[in-house]
Structure formats: C-alpha cells, structure tokens
Amino acid sequence: MQAHAPESAFTRTTNPLVTGGSVVALKYAGGVLVATDTLASYGSLARFENVCRMSTVGMNHDVLLAAGGDYSDYQQMLKMIDIRATQEFALDDGAALSASEMHHWLTRILYQRRSKMDPLWNQIVIAGFRDGQVYLGTSDLYGTMYTEDIIATGLGAHMALPLLRKGWRADMSEAEARKLLEDCMRVLFYRDTRASANINIGKVDASGCTVSAPIKLETFWEHPEFVRGGGHLGNGSW
Amino acid sequence: MFRNQYDTDCITWSPAGRIHQIEYAMEAVKQGSAAIGLRSNAFALVATLKRSSSELSSYQKKIFKIDDNMGIGIAGLVADARVIAKYMRTECINHRYVYDAPMQVGRLVVQVADKSQIGTQQVGRRPYGVGLLVVGSDGTGPHLFETQPSGQYFEYKAMAIGARSQAGRTYLEKHFEEFPELGLDDLIKHALLALRETLSTGQELTAANVAVGYCGLQGGFTILEDETIAPYVDAVKGTPGGPPMEEAAPEEAPPAEAPAEGAMDTE
C-alpha cells in the first residue's frame, strides 16, 4: 500500500515496530498483581532486553498501567497521562483520576485513534485501589474495554488465561497469587518466542502502587518432554 | 437612569477604574428574587423564592438540575441562566462519556466562570445577567459555589444572592456554625428561614413560591416544590423571626422593587 502512496501522502502506523508481549494480571484478597516481561522485540529480534512495560501513573501514582504492543505508543500514552496529571496537580482541588476514570479516558483515546485509522497499537492493563475497592481492567487498540478478576493479553490470552482460570480464587493470599502469576509467566517464557524470563511484577493494594525491580524466573529445561521434543506426535507440536 | 459616557460597552474603562456594564449586570442579580445556599457534611442545598408575573401566571422556576450530582439555583435573568445550565449539562454529560464518572463540581464552576469572563472582555458581547448558586457533591464531598456575571466565583459554607439577600446572609452568618452536623430536614428548615428573611413586607412563604434542591453524598439531585415542599413550609410557619409584618416598621430604605418600564424581568 505505502509503495503506491505519493511522496507527500500522509501515512499512518499500520503495523507496530518495537513490541512488548503479554501482560498477565490477577486480583487477590486485598490487591492486584500485574506481570510483564522486560523484553521489547524488533520483529522477531529480541532487540531491547531490559525495558519496563509497566508504570505507576496519575497525579498520586496510585494507578498501575501495563502495556503490550508497540513500545513507542505506550511511551506516548505515558506522556499524555503525565500532561493530564500535571493539569490536575495545578487545579489543586484534592481530586485525582481513579483507576476506573483513567481506564475509561484511555479507552476513549484508543477508540478515537482507531477511528482515525491511526491506532495506538497496544493492549493495556490498568489496576488501582481506592475506597477499599480493587480495580482491574483492560483495553485493546480498538477501544474494547472490560474489567475482570483475571486478565491476560497477547499470547497470554491463549496460554496463561486457562492456567489462571484453573488456579484463581477470590480469597487468594498475595503469596499464592504471586506463585500463580510466576507460573503463568514461566509457561509463557517456555512457549512464547517473544517472551523473556526477566519479569517485572507490579502490586496495587491499600498501601499504594509499586513496580518491583526485574526478577529472573527459575527455569528447568531438562523435562523429558522438552528433551524428547514433540516430533513423535507427527503434527509438529510439543 | 444614571448614564455616563463610559457605560456603553464592557471594553471601556471609566476614569474611576470601573467597568459599568459589568456592574449593571451584577445589578440584574440583585433585582432577581433571592436564592439561598448552604451545606452540611452530607448535603448541599439551595432554596429559591419564586415570582409570578400575575395572578394568572405560574411561578418562574429558579432551580435547574444539571446532573445526578449537581444543580443550580439562580437569581437574575432566567434566559441567561438557561444558557449556562445547558452548557453545564453538556459538560457533565461529556465528562460522563469520557470518564464514566460525574464531574467535579468545582471544576465545572471554574469553566462557567471562565465562560462568563469572556463576555466581559470582548467587543460586541455582554456579561450574563445572572448569578448562580451551584450545589453538588463529588469525591471531595458536598459543595456550594457562587458564580457572578463578572466571572468571579467563590466557594461557601452558606450564601444568599438576589433581592434583599443581605437579610438572608445575616441569618446564615448567625447560624452557619451548626450546619455541618445537621440532617437534611434541619438544613431545609434553616434554608426556608433564611429565605423568609428576604421576603418583602406582607409577603409570606408558601408551597407555591418556594423550591428547594438538594444533593447528598451519593448524588441524586432532588427538587422539592409545591406539594413536596409544603410540609417544610408548614413546619417553619410558627417559627419566630421573619419579615416585617404589616404592623412592623417598614425598612428604612426600601430597594427599588419595580424595574423601569420596558426592563427585562429578573427572577
């Protein structure tokens, strides 16, 4: 398409360049945990191995935003949120966007951009805690949004979500939730070629919103099935 | 009327440092019948005194719902108030579309004030001839604001605007310290008593000429008028105080009640 466009023609982002992979998140008793790996790929090349794909945002940094998809679009989104937070700080009236309000606002932006045929190429996950209520929601580049107890984007929607459905309970402790989340990220690292074993875990609870330093997942490659491979199945599968 | 060569538009200063057109607009607010606003820790409330132009006409509505969490009471030109109310409603509904949450009352008041100010500084425009008491509640609790034609705005614990509102303010100044802890019924009672202070000689509160709008912490702006305000009006009837009755001495300098012939009606 672009090859036929005249030199002066306005062109749009029709495909993402540097991309992040899955975001996996779940609620537990009293909070939310969100995980992303630290890889930003350039096509299939593992180009940037130590980037963070989640951030505390908003005037009080009490909302967690994590993103997959185009990394530069995610950075632009952070910039827009920062401008909005500065305006809100200047108003100085004691009010600040909640996670829910932030989620709806970003979704309107995502939808507006997709309607201009110039989408922000991201899947985002937003988590927050206010007035004793935990918030966890997600939106995609089309402006589709929903809230859920468990969320996985990208390839994680296919491979982590079944694991979350099996392992998740509303009354999970933080330690249990962390274990389940790490298991999901480990499986994604084993099976998703665009994933890495270095992950950030973000936590939102009554005490606030934090993003951990990167941690390296323990992996074990000597499983008999890994060693034997899947060739004997005759369908190319593992 | 008192005219001078500096009062034909808003963009001409008088040598005394005044902008007469703005002051005339503020005068329109004083000609409108009173509106009383007050708030507690749980409610924000506005009460208005309505006028009817004749025995045959209905009473002019002076309280407008803006959104589930917000409403206004007005004094001055109703036509101008309706323009502002429409703007406020549009802003609120847009805010709900974008954020799925009600608007901060104070932030909308700032927008209204900014909009009002534009009319005081541009060629070919005029200030709004109406003052608002904006009541509502949001994440930071119940609020009461006043906006003026000049573009000024203030937040209050209790306030009165419109004709003879000084008497209403005097009542509020005497009682405002007890407002924060009061329940809705007591707040309404105080609002009606403050409103009663603004009545002219021989006039009295009735279910027809009083309306109250209130908003609680959970939102739900509600207007009480006619049969729904009647029990409250009856309840304050025996309370001492109020306007001078027939036998009482008339006010020392009765304000010019009737506007000049051909002037627009203010409510």
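The shown structure was predicted, so the numbers you read here are calculated from the model rather than taken from an experiment.

Quick notes on the rules
- Residues numbered from 1 in each chain as written.
- Chains lettered and ligands numbered in written order.
- Predicted model: local features only at pLDDT ≥ 70, side-chain atom pairs only at ≥ 80, totals over all residues.
- Heavy atoms only, no water.
- Pairing = 2+ DSSP bridges.
- Helix = DSSP H or I, 4+ residues; strand = E, 2+ residues; numbered from the N terminus.
- Axes fitted to C-alpha atoms, helices over the stretch in contact; angles between N-to-C directions.
- Contact = heavy atoms within 4.5 Å.
- Core = buried A, V, L, I, M, F, W, Y, C linked by side-chain atoms within 4.5 Å.
- Buried < 20%, exposed > 50% of the residue type's maximum accessible area, 1.4 Å probe, protein only.
- Buried area = accessible area lost by both parts, 1.4 Å probe.
- Salt bridge = Lys/Arg side-chain N within 4 Å of Asp/Glu carboxyl O.
- Polar contact = N/O pair within 3.5 Å; in protein donor to acceptor, adjacent residues only side chain to side chain.
- Nonpolar A, V, L, I, M, F, W, Y, C, P; charged D, E, K, R; others polar.

Draft legend 1. Structural detail: the sheet that holds strand β1 (residues 35–39) of chain B. Residues and elements named next belong to chain B. A sheet is described by the order of its strands in space; here five strands give the open sequence β8-β1-β2-β9-β10, paired in antiparallel fashion. A single partner strand is all that each edge strand has here, and the edge strands are β8 (158–161) and β10 (219–225). Taking the axes of each pair of neighbouring strands and ignoring which way they run, one obtains an average angle of 10° across the sheet. Bridge count between strand β9 (residues 210–216) and β10: five bridges; the pairing is antiparallel. Bridged to Y214 within β10 is T222. Of the strands in this sheet, β1 and β8 touch helix α4 (residues 165–175), which is tilted by about 170° from β8. Where helix α5 (residues 184–197) meets the sheet, its contacts fall on β1, β2 (43–49), β9 and β10, and the angle it forms with β2 comes to roughly 30°.

Draft legend 2. View of the nonpolar core. Of all hydrophobic cores here, the largest spans 29 residues; its most connected members are L38, L45, L172 and L205 of chain B. Ranked by the residues each element gives to this core, the list is headed by α5 of chain B, at eight residues. Among residues more than four places away in sequence, those in contact with L38 of chain B are F43, A44, L45, L144, K157, A158, L172, F179, L187, H190 and A191 of chain B. With 24 residues, the next largest nonpolar core counts A40, L97 and I126 of chain A together with A101 of chain B among its residues.

Draft legend 3. Focus on the interface of chain B and chain A. Listed by partner, the interface residues are eight residues for chain B and eleven residues for chain A. With both chains or domains summed, chain B and chain A bury close to 950 Å², and 53% of this area falls on carbon and sulfur atoms. Inspection of the region where chain B meets chain A yields two salt bridges. Of the charged contacts, one joins R107 of chain B and E88 of chain A as a salt bridge, the two residues approaching to 3.0 Å between their closest N and O atoms. At the boundary of chain B with chain A, the tally comes to seven residue pairs in polar contact (both at pLDDT 80 or more). Considering only residue class, the side of chain B that touches chain A consists of four nonpolar, two polar and two charged.

Draft legend 4. Structural view of the pattern of salt bridges. Applying the stated criterion across every chain, the model contains 21 salt bridges over all chains. A salt bridge links R186 of chain A to D183 of chain A, with the nearest nitrogen and oxygen atoms 2.9 Å apart. Placement of the pair is R186 of chain A and D183 of chain A together in helix α5 (residues 174–191), with a separation of three residues, close to one helical turn. One salt bridge in this structure joins D80 of chain B and R126 of chain B, with 2.7 Å as the shortest N-O distance. Linking D80 of chain B in helix α2 (residues 78–99) with R126 of chain B in the loop between α3 (105–118) and β5 (130–138), this pair joins segments that are 46 residues apart in sequence.

Without other data, these values stay purely geometric and don't point to any function.
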